[in-house]
Amino acid sequence: MGIEVLTADAQGSENLQRWAAMGLPVPPSWRVGRDVVQDSSPESLAQQLRALPRMFSEERYWVLQQGPMNPDSRRESLLNLDSDESLAAALRSIFQREQGPDHVVIQALPRQQAAGVLFTRHPLRQDLPHMVVEGVLDGSSERQRLIFDDDGRLVHASHQELALGDQVGAPLLRELHERLKQNFQRPQAGEWVFDGQQLWLLQTLPVGSLPMPREAWTRRAGNGLFTQVETPLWYTLAGRWLKTAFWEPLVVREGWQSLAKVEPYRRQHSHLYTNCAFFRELQSQHAGASRFLPPAWQQLEGRADPVTGSHLADRFTVYRHQLTLARVSRDLKRWQQPAATQEGLWRAFMQLDGMGERLSGVEGEVGYLALPDRSCRYTAPFPLEMLVTGAEKGAIDALVAERPEALRETGLRPGADPVHAPLNESPAQAGNLNGLYASSTGDLPACAEPSVDDARWLSLARQARGLRFAIGNRLRALLRAMGAVAVNQGRLQHPDDIYFLYFDELWQLWMGQQLPASASREVIGDRKLRYLDDGLQGAPDWKMDQIGYGFGGGQRLSPLLRGLPLVPGRVEGPIRRVCSAWSLNRICPGDIVVVDQVEPAWLPWLVQAGGLVIAEKDPCNGAASLAVSYGIPAIWSASDVMHSVQDELIGHLDATQGSLDVSAKIAED
């Protein structure tokens, strides 16, 4: 066999040949047979090896591949050798073994300045499509980590000084990532070295830690639906409304028989999770559905084009939904708080239940289909007035004008769930409303200008959301009356306990005149504690095969996080994560507020932020629109930031450059 040059060959027997044929940056490689080693003296073999590379200087070194490390492994053992003599000695040692191979593969490389592994998808997180690069610079033993999002943008760097990304260069890493993704369907782990100019691939293997999940649930599905903790009663009401009025008709219409008896929702960690199986069916027709799917379930062949139906059909659909909303609005205005009788209260409850179901047919199409599809076309936030109701916009303007007293008697609430008290009931959040803290001194970006058709859908979403809150307002008044009756009869300890009953438990309480065993006083107390704890801490973004991904804050602290610049400016202040309305009373003027999806009702509290860091990049995100409207320094598309910072840590937000630098020191009061 001798020494054979390994040329690019798609049908070659060696992996290196096939990889070279794919256009991957494989270094010069040779196959060395047993005979040439046994027939040559050490000096003669070293001279033959020295003559092989013609593209590197004497500063080169050798890599010897010895085949799989064990019978069940696909990873080959790589041996680095710093001279021709060392390689010759290693070859003689290998072929002198009784069970030695017939041949080995060697590669020539120039002296490396860095080396590491590139994962085309996050090796530990099934919820992230991110590329992860780990490596070490020459002369250092400290491992560094870089994370790039699915747009190829650096979003996390473990080191600021002598950073791996600066030494190697992000373009080279992104280029290798794209080539690996194009040529392999499964996620890959590519071992690479960098010589100062060129990035070389030594070998690549499938990432065995990323199986295809059998089931997946997400809590970040839909625009403006279920963005925070929900009480058991609101879950069983709103979830059933959407299931009956939106998902079940959609399943029948599309013929998804496999989903006919599948539940679309699950409540865990006090949050509503949506079954991704429904979005997997939708993604072939709806471009926006892919963002609600784990990376392993997203289509490899590319996303669907945004739906562009005829203007006439689109206008007819909007008109049909407007008619539904008008009827719900009319019925709400006619609804009267009933007398506090057993039958009268329940009959009024059922009336609101029916209105909620009719409303959810519209909200489902708007929140799950229309807005996710249409927002794909825009790269800037929508104007604030298109996302919030007139009362909410008036409240924000009053705070910006330093008139917080104007909100004392308002019925605005920070969530549609009836558990949230309006400001006129003086909840804890009411005393924490302050005016605009600071505004950017730079040029403010322009908001997106939606088309006429898209503006109609945004208006529809705003109307539907206002009605959802109106139903919640009336349910709150009704449930307080029902709770008071149950307390007077000795069946509940406190009127608010009624929010922490599931619907079937409420039915048993009301019709059976007794509290069911499943909702004992101890159970209700535990539900309240868990609900508030989940509201303050957050919950996993995904549940896949019963494992949670992306949980809480500070699980993996990052000293430097990056996003896209939204509103320029530089801010220093304590970090404040907002996961739900129960975190709003923690915001202090000047805080750097970190959010993901945002309920627009929170925006009056967010105006006091010194800076905003937004995890997602969604034109419908109210926090992004608020920042642009009032010049609050902000970045968005700061992937995974909710899980990479802790409250009270001092942050340095450079919104002009798109970075958040987090100190390890907790802010002191």
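On a predicted model such as this, the values are computed, not experimentally measured, just so you know. (Residues numbered from 1 in each chain as written. Predicted model: local features only at pLDDT ≥ 70, side-chain atom pairs only at ≥ 80, totals over all residues. Heavy atoms only, no water.)

The next thing to look at is the packing of aromatic side chains. Within the structure shown, the criterion is met by 17 aromatic pairs. On the numbers, 5.7 Å between centres and 80° between planes, the contact of Phe-226 with Tyr-265 is edge-to-face. In this pair, Phe-226 is assigned in the loop between strand 12 (216-218) and helix 7 (232-254) and Tyr-265 in strand 13 (residues 265-268), connecting sequence segments 39 residues apart. Summarising the burial analysis for this pair, Phe-226 and Tyr-265 share the class buried. Their ring planes at 50° and their centres at 5.0 Å tell us that Trp-247 and Tyr-368 sit as a pair that is tilted. One end of the pair, Trp-247, is in helix 7; the other, Tyr-368, is in helix 10 (residues 342-375), and 121 residues separate them in sequence. Tyr-368 carries the same exposure label as Trp-247, and that label is buried. Members of the aromatic cluster, connected to one another through ring pairs, are Phe-246, Trp-247, Phe-278, Phe-279, Phe-292 and Tyr-368. One cation-aromatic arrangement involves Arg-240 over Phe-503; the distance from NZ or CZ to the ring centre is 4.9 Å. Positioned over the ring face of Trp-297 is Arg-280, at 3.8 Å from the centre of the ring. (Phe/Tyr/Trp six-rings, centres within 6.5 Å; stacked < 30°, edge-to-face > 60°. Helix = DSSP H or I, 4+ residues; strand = E, 2+ residues; numbered from the N terminus. Buried < 20%, exposed > 50% of the residue type's maximum accessible area, 1.4 Å probe, protein only. Lys NZ or Arg CZ within 6 Å of the ring centre and 35° of its normal.)

Looking now at the nonpolar core. If you look at the biggest cluster of nonpolar residues, it comprises 87 residues, and the most contacted ones within it are Trp-247, Phe-279, Phe-349, Tyr-368, Leu-475, Met-482 and Leu-506. At the level of elements, helix 7, helix 8 (276-282), helix 9 (311-334), helix 10, helix 12 (452-488), helix 13 (503-512), helix 14 (521-537) and strand 15 (542-544) are the ones that each hand at least two residues to this core. It is helix 12 that contributes the most residues to this core, 15 residues altogether. Dropping the residues within four chain positions of it, Met-482 is found in contact with Leu-345, Trp-346, Phe-349, Ile-498, Leu-506 and Trp-510. Residues Leu-412, Leu-423, Leu-433 and Leu-626 belong to the second largest nonpolar core, which totals 35 residues. (Core = buried A, V, L, I, M, F, W, Y, C linked by side-chain atoms within 4.5 Å. Contact = heavy atoms within 4.5 Å.)

What follows is about the sheet that holds strand 16 (residues 547-549). Pairing in this open sheet of 5 strands is antiparallel, and the strands run 13-14-12-15-16 from one edge to the other. Both outer strands of the open sheet, strand 13 and strand 16, are each paired with one neighbouring strand and no more. Adjacent strand axes in the sheet meet at a mean angle of 30° when their direction is disregarded. Examined bridge by bridge, strand 12 and strand 15 share 3 bridges and lie antiparallel to one another. Considered in strand 15, the bridge of Trp-217 is made with Lys-543. Of the strands in this sheet, strand 13 and strand 14 (271-275) are in contact with helix 7, which crosses strand 13 at around 165°. (Pairing = 2+ DSSP bridges. Axes fitted to C-alpha atoms, helices over the stretch in contact; angles between N-to-C directions.)

With that out of the way, let us pick up empty space enclosed by the protein. Under the definition given, this model contains 5 cavities of 30 Å³ or more. In this structure, the largest cavity occupies an estimated 330 Å³ of space. Around the largest cavity sit 25 residues that line it, and Asn-223, Gly-224, Leu-371, Ala-461 and Arg-465 are the ones nearest its centre. Elements represented by at least two residues in the lining of the largest cavity include exactly helix 10 and helix 12. No other element matches helix 12, which puts 6 residues into the lining of the largest cavity. Split into classes, the residues belonging to the lining of the largest cavity amount to 11 nonpolar, 8 polar and 6 charged. Empty space within the second largest cavity amounts to approximately 180 Å³. Every residue lining the second largest cavity is counted, 20 residues in all, and those nearest its centre are Phe-226, Glu-230, Trp-234, Ala-416 and Arg-468. If you list the elements that add at least two residues to the lining of the second largest cavity, you get helix 7, helix 10 and helix 12. (1 Å grid on protein atoms, 1.4 Å probe; cavity = no way out; pocket = protein on both sides within 12 Å on 5 of 7 lines; lining within 4 Å. Points joined across faces, edges and corners; volume = space filled by probe spheres on them. Nonpolar A, V, L, I, M, F, W, Y, C, P; charged D, E, K, R; others polar.)

Moving on to the pattern of salt bridges. This model, assessed by the stated rule, comprises 38 salt bridges. In this structure, the salt-bridge partner of Arg-347 is Glu-343, at a minimum N-O distance of 2.7 Å. One end of the pair, Arg-347, and the other, Glu-343, are both in helix 10, 4 residues apart, so they sit about a helical turn from each other. Arg-347 gets classed as partly exposed once you look at its relative accessible area, which sits at 49%. Taking the relative accessible area as the measure of exposure, Glu-343 reaches 55% and is therefore exposed. The partner of Asp-454 in a salt bridge is Arg-377, with the nearest N and O atoms 3.3 Å apart. (Salt bridge = Lys/Arg side-chain N within 4 Å of Asp/Glu carboxyl O.)

When the terminal C-alpha atoms of helix 14 are compared, their 24 Å separation across 17 residues agrees well with the 24 Å that a helix rising 1.5 Å per residue should span. For helix 14, the elements touching its buried residues are helix 7, strand 13, strand 14 and helix 13. Phi turns positive one or two residues past the end of helix 14, at Gly-538, with a value near 95°. (Expected span 1.5 Å × (residues − 1).)

Position of Val-571 among the secondary structure elements: in strand 19 (residues 570-577). Using a relative accessible area of 13% as the deciding quantity, one classes Val-571 as buried. Distance in space between the C-alpha atoms of Val-571 and Ala-428 is 27 Å, their sequence separation being 143 residues. Setting aside its immediate chain neighbours within four residues, Val-571 contacts Gly-590, Ile-592, Gly-610, Gly-611, Pro-633, Gly-651, His-652 and Leu-653.

Sheet topology note: the strand 19/strand 23 (residues 649-654) ladder contains 5 bridges and is antiparallel. Paired with Pro-574 across the strands is Ile-650, a residue of strand 23.

Attention now goes to the packing of helix 7 against helix 10. One way to put it is that helix 7 packs onto helix 10 with a least axis distance of 7 Å and a crossing angle of 60°. The angle between helix 7 and helix 10 falls in the class oblique. Viewed along their axes, helix 7 and helix 10 form a crossing whose handedness is right-handed. Of the residues in helix 10, those in contact with Leu-237, Arg-240, Trp-241, Leu-242, Thr-244, Ala-245, Phe-246 and Trp-247 of helix 7 are Phe-349, Leu-352, Asp-353, Gly-356, Glu-357, Ser-360, Gly-361, Gly-364, Glu-365, Tyr-368 and Leu-369. In terms of residue class, the contact of helix 7 with helix 10 is built from 10 nonpolar, 5 polar and 4 charged. (Parallel < 35°, antiparallel > 145°, perpendicular 65-115°, else oblique. Left-handed = near helix turned anticlockwise from the far one by under 90°.)

The subject of this paragraph is the side chain of Ser-659. Locating Ser-659 in the fold gives a position in strand 24 (residues 659-666). In this structure Ser-659 touches Leu-560, Leu-561, Arg-562, Ile-635, His-652, Leu-653 and Asp-654, once residues within four positions along its chain are discounted.

The next thing to look at is helix 3 (residues 42-50). For an α-helix, 3.6 residues make a turn, and residues three or four places apart therefore share a direction. For helix 3, the set of buried residues is Leu-45, Ala-46 and Leu-49. End-on, the buried residues of helix 3 take up no more than an arc of 100°, which puts them together on one face. What points out from helix 3, more than 90 degrees from its buried face, is the exposed set Glu-43 and Gln-47. (Arc of directions from axis to C-beta.)

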